[in-house]
Structures are given as C-alpha cells and as structure tokens.
Amino acid sequence: MGASQTRLEHNYDDLTEKSGFSHEQIKNLYQRFQQLSGNNEKISRDDLERIPALNNNPIRKQIITAFFDKRNQHQNDVGSLDEIGFEQFLMVMSHFRPVNSKATEEEKATVRKQKLRFLFNMHDTDNDGIITLDEYRTVVEELLSQSGAIETEVARAIADAAMLEVASTNVPHMAPDDFYEGITFEHFEQILKGIEMESRMYIRFLDMNAATMRCGKLSS
C-alpha cells in the first residue's frame, strides 16, 4: 500500500487534470478505493456488489456495470473490464463531480453532455448507440417492480407506453406501421432538456460524504 500511495502522490497533478478533482478529493477517493478493494490495486464487480448501500437500489446492476464500461473512461474506447485500477475508478467517479461554480458556460455544457452520455451508456447496454425498447423496458421494470406493488406485466406495459410517448415526441410524423428503433443520444438530450441534473448525480451509494467531494478545487 505504501508504494501505491507514493505513486499516487507523484501522479496527483496528472489525475487532477484528467478528472477535475482536487488533490484532497483524490486522496479521499483513494482511501475509499482501498476500503472497497481490501487494500489491493484493483477492484472487481464483487467488491462493489458488497456495498450495503447498493443492496436495495433498483438499478444496482447498471451502476456496478458502469464502473467497468470502457465508454466511461474518457478515452473513446468500448468494451468492458473485469477489474479496474484507481485511475479508472477515478474517471468514472468524475461523472458525479459537481460543476465548478466558476466554470464558463462552455465548460458547463461540456460537463452536462458528459453526464448525459454516462447515463445514456447505462441504458444502452449493447453499445449500439440506441436505447431500444427492450433496454428501456428492462430499466423501467426494475424501477417499478422493486417495490413489489406492481407486477411485471404492468411494469412492461408502462414501459411500452412511455417508449411510445418518446417516439411520438421525437418522430412526430411517424406512420402507424413505422418501427421506432429506439432513443438515440440526440433524442436523449432532448428528452432531458431543461432538467437540471448537474447536481443530481451524486455518490451516496459509495458511502462518501458529499461535503468531502465539494472541498478543494470544486469550491474554489
């Protein structure tokens, strides 16, 4: 652990540049990473699945998968990983970072697009650039059926109706026999247009103190 900590300290500036986190935030996240990994240099899906706060989360599977999705590493890569190191962990965590209060409008727009892309990737499970009805239905079913008050078939019907509404909004002149392939990222942006989400993506499921994430660079 000592050698890893030393390498991390030498790499702070590089990690800050890549992630936007301050040195203090990186140090705090590294401590949490060490807790999750059992002081190992990599963490696996099993490590994240043992987080108690995730047990009752209806999109637990999607959250965990997101950490091992190469699309979320800011490197324009695709595919999935079996394990991730701290830098990869940090890149995913950067999607939950609050926007710097002094950021320009262009910087804010970039951050918003990155957050939207992260959310889109969570639903576009086969990485074809489209959230299909099946993918959308799966998420809605999991969200609605988690309480046990709604049966699967009812949740499926709600998901189908919601997708039909999305289709009519995004393709207003679609003929009755036309097939709606699914939600593209551009459609996804339009659906969430006007919804403030820069501060709504948080990291409570990792048992991190939100105040900790707002220290240092982010509150300067």
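So, here is what we can say about the structure in this document. (Residues numbered from 1 in each chain as written. Predicted model: local features only at pLDDT ≥ 70, side-chain atom pairs only at ≥ 80, totals over all residues. Heavy atoms only, no water.)

1. Some remarks on the layout of surface pockets
Move 1: By volume, the second largest pocket amounts to about 480 Å³.
Move 2: Surrounding the second largest pocket, 25 residues form its lining, Ser19, Gly20, Arg97, Val111 and Gln114 being those nearest its centre.
Move 3: Elements with a minimum of two residues in the lining of the second largest pocket: helix H2 (12-19), helix H6 (86-93) and helix H7 (105-123).
Move 4: With six residues, H7 is the largest single contributor of residues to the lining of the second largest pocket.
Move 5: Of the residues in the lining of the second largest pocket, the class split is five nonpolar, eleven polar and nine charged. (1 Å grid on protein atoms, 1.4 Å probe; cavity = no way out; pocket = protein on both sides within 12 Å on 5 of 7 lines; lining within 4 Å. Points joined across faces, edges and corners; volume = space filled by probe spheres on them. Helix = DSSP H or I, 4+ residues; strand = E, 2+ residues; numbered from the N terminus. Nonpolar A, V, L, I, M, F, W, Y, C, P; charged D, E, K, R; others polar.)

2. A look at the side chain of Asn72
Move 1: One can find Asn72 in the loop between helix H5 (60-67) and strand S2 (83-85).
Move 2: Take Asn72: its relative accessible area is 2%, and that puts it in the buried class. (Buried < 20%, exposed > 50% of the residue type's maximum accessible area, 1.4 Å probe, protein only.)

3. Details of the packing of H2 against H6
Move 1: Their axes nearest at 9 Å, the elements H2 and H6 cross at an angle of 30°. Classified by the angle between their axes, H2 and H6 sit roughly parallel to one another. Our pair here, H2 against H6, has a crossing hand that is right-handed. Contacts between H2 and H6 involve Leu15, Lys18 and Ser19 from the first element and Phe86, Glu87, Leu90 and Met91 from the second. (Axes fitted to C-alpha atoms, helices over the stretch in contact; angles between N-to-C directions. Parallel < 35°, antiparallel > 145°, perpendicular 65-115°, else oblique. Left-handed = near helix turned anticlockwise from the far one by under 90°. Contact = heavy atoms within 4.5 Å.)

These figures capture arrangement, not role.
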